[in-house]
Amino acid sequence: QVQLVESGGGLVQPGGSLRLSCAASGSIRSIDDMGWYRQAPGKQRDVVATITSGGSTDYANSVKGRFTISRDNAKNTVYLQMNSLKPEDTAVYYCNAEVLSTGWNRRTYWGQGTQVTVSS
């Protein structure tokens, strides 16, 4: 079994910053791509940023220059630093990870989601 646990969400004023963390634990042999997604009320879940095991990153156009994804492979943790937050960034943020388990099974796992609200 593999679990992803997110933390760091909350309420922030426009222009503010938040840092999300997502730690993977359990029967992990290795982790390939990791990512952050978000889902606003009434909308589909969209990708925010992804990062490979080698550190290559990709961002949605709406967050480029404001958000930074990073990871600590030793801790099986991915981060999302969010700066210059806007009300339209309000959503539930989910992390995911492509995990190769100790049983040699490969699948994608999701965290439970953390709420980010940007409002004055």
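For the structure itself, consult the block above.
A quick note: this is a predicted structure, and the numbers were derived from the prediction, not measured.

Draft legend 1. Spatial organisation of the side chain of Glu6. By the element assignment, Glu6 lies in strand 1 (residues 2-7). Although Glu6 is buried, it forms no salt bridge, and the closest oppositely charged side chain is Arg45 at an N-O distance of 7.6 Å. There is a polar contact of 2.6 Å between the side chain of Glu6 and the backbone nitrogen of Cys95. There is a polar contact of 3.4 Å between the side chain of Glu6 and the backbone nitrogen of Gln112. Leave out the neighbours within four places in its chain, and Glu6 touches Ser21, Cys22, Trp36, Tyr93, Tyr94, Cys95, Gly111, Gln112, Gly113 and Thr114.

Draft legend 2. Seen up close, the environment of Leu85. Here Leu85 is to be found in the loop between strand 8 (77-82) and strand 9 (91-101). The sequence separation of Leu85 and Gln44 amounts to 41 residues, and the corresponding C-alpha distance is 20 Å. With residues up to four places along the chain from it excluded, the contact list for Leu85 reads Val12, Pro14, Gly15, Gly16, Ser17, Leu18, Arg66, Phe67 and Val118.

What counts and how
Residues numbered from 1 in each chain as written. Predicted model: local features only at pLDDT ≥ 70, side-chain atom pairs only at ≥ 80, totals over all residues. Heavy atoms only, no water. Helix = DSSP H or I, 4+ residues; strand = E, 2+ residues; numbered from the N terminus. Buried < 20%, exposed > 50% of the residue type's maximum accessible area, 1.4 Å probe, protein only. Lys, Arg positive; Asp, Glu negative; His and termini not counted. Salt bridge = Lys/Arg side-chain N within 4 Å of Asp/Glu carboxyl O. Polar contact = N/O pair within 3.5 Å; in protein donor to acceptor, adjacent residues only side chain to side chain. Contact = heavy atoms within 4.5 Å.

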